[in-house]
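Reading the structure
Okay, here's what each chain looks like letter by letter:
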Amino acid sequence: KLVHVVTSLKAFCKNPFFRLKILFHGGWRCASSGRVLRGTVFATPNLDIHKYVYVGPGCIFSSRVSVRIGAGSMIGPRSMFFGGNHVFDAYPGVPMIAWNDKNKPMELDSSIVVGRDCWIGASAIILGGSIIGDCAVVGAGSVVTKDVPPFCIVAGSPAKIVRMRFSSEIEREKHLDAIAENYDI
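Residue indices begin from 1 for each chain and proceed along its sequence in written order. Per-residue local features are limited, in this predicted model, to residues with pLDDT of at least 70; the limit for side-chain atom pairs, both in listing and counting, is 80 or more; totals at the level of whole chains, interfaces and linings are taken over all residues. The side-chain quantities take in all heavy atoms of the structure and omit both hydrogens and water.

Here's the deal with the state of the cysteines
- When two cysteine sulfur atoms lie within 2.5 Å, the pair is treated as a disulfide. Under the criterion given, the structure shown has zero disulfides.
- Cys118 forms no disulfide, and the closest cysteine sulfur to it belongs to Cys135, at a distance of 6.6 Å.
- The cut-offs for exposure are 20% and 50% of the maximum accessible area for each residue type, with area from a 1.4 Å probe on protein chains only; residues under the lower value are buried, those over the upper are exposed, and the others partly exposed. Note on Cys118: relative accessible area 1%, which makes it buried.

Okay, structure coming up:
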């Protein structure tokens with residue numbers, strides 16, 4: 001199966017977090033230091049969760065291509081990552097429901113990449129083809145439809161740049177050096 005739902009924490013460990021052990025499921029790769037809370041759904045053949053990642057409860061990761069979450073990133077509760085799109089105008093007279101994963105062209109699906117040290121706020125929606133740059137922040141409830149540059153804080157629907165995470169390039173470089181040295185991110 002390509003779908004895994006975290007349902008019972010007691011089945012995995014005694015503490016309140018499901019600590020990911022090395023999980024091999026086809027193309028899945030998850031670091032042992034990651035934490036995924038209950039109700040999270042993974043529906044993707046290629047999942048790459050790096051170390052020190054936190055995934056809040058009730059998240060959905062769905063892509064026929066791949067989802068990658070960089071080291072040190074946090075995903076807020078009920079956030080959704082959708083790599084696919086629907087065929088809605090290719091053939092007149094064919095209803096949208098007729099196009100499913102078996103007959104839908106693969107080029108309609110795209111990978112999703114979240115960089116290192118990112119924060120995706122609660123209930124954010126990240127659409128296919130989006131690359132969230134290192135150290136970026138996505139505001140709660142935002143809809144990301146395109147790439148987010150590194151160190152940008154975005155919010156809204158569609159998500160737009162609100163400001164930069166640090167005020168100068170020197171501060172951004174210091175931050176990258178510090179997280180690499182102190183946290184190996």
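Quick notes on the packing of aromatic side chains
- Centre distance within 6.5 Å is the pairing criterion for rings of Phe, Tyr and Trp, where only the six-membered ring of Trp is used; planes under 30 degrees apart are then read as stacked, over 60 as edge-to-face, and the remainder as tilted. One pass over the full model with this rule turns up three aromatic pairs.
- Arranged with centres 4.7 Å apart and planes meeting at 10°, the rings of Phe61 and Phe81 form a pair that is stacked. Note that Phe61 is positioned in strand E8 (residues 60-62) and Phe81 in strand E11 (residues 80-82), a separation of 20 residues in sequence.
- The exposure class of Phe81 is buried, given its relative accessible area of 0%.
- Residues Phe151 and Phe166 carry aromatic rings whose centres are separated by 6.0 Å and whose planes lie at 65° to one another, so their mutual orientation is edge-to-face. Linking Phe151 in the loop between strand E17 (143-144) and strand E18 (152-155) with Phe166 in the loop between strand E19 (160-164) and helix H1 (169-183), this pair joins segments that are 15 residues apart in sequence. Where helices and strands are cited, they refer to DSSP runs of H or I of at least four residues and of E of at least two residues respectively, numbered from the N terminus.

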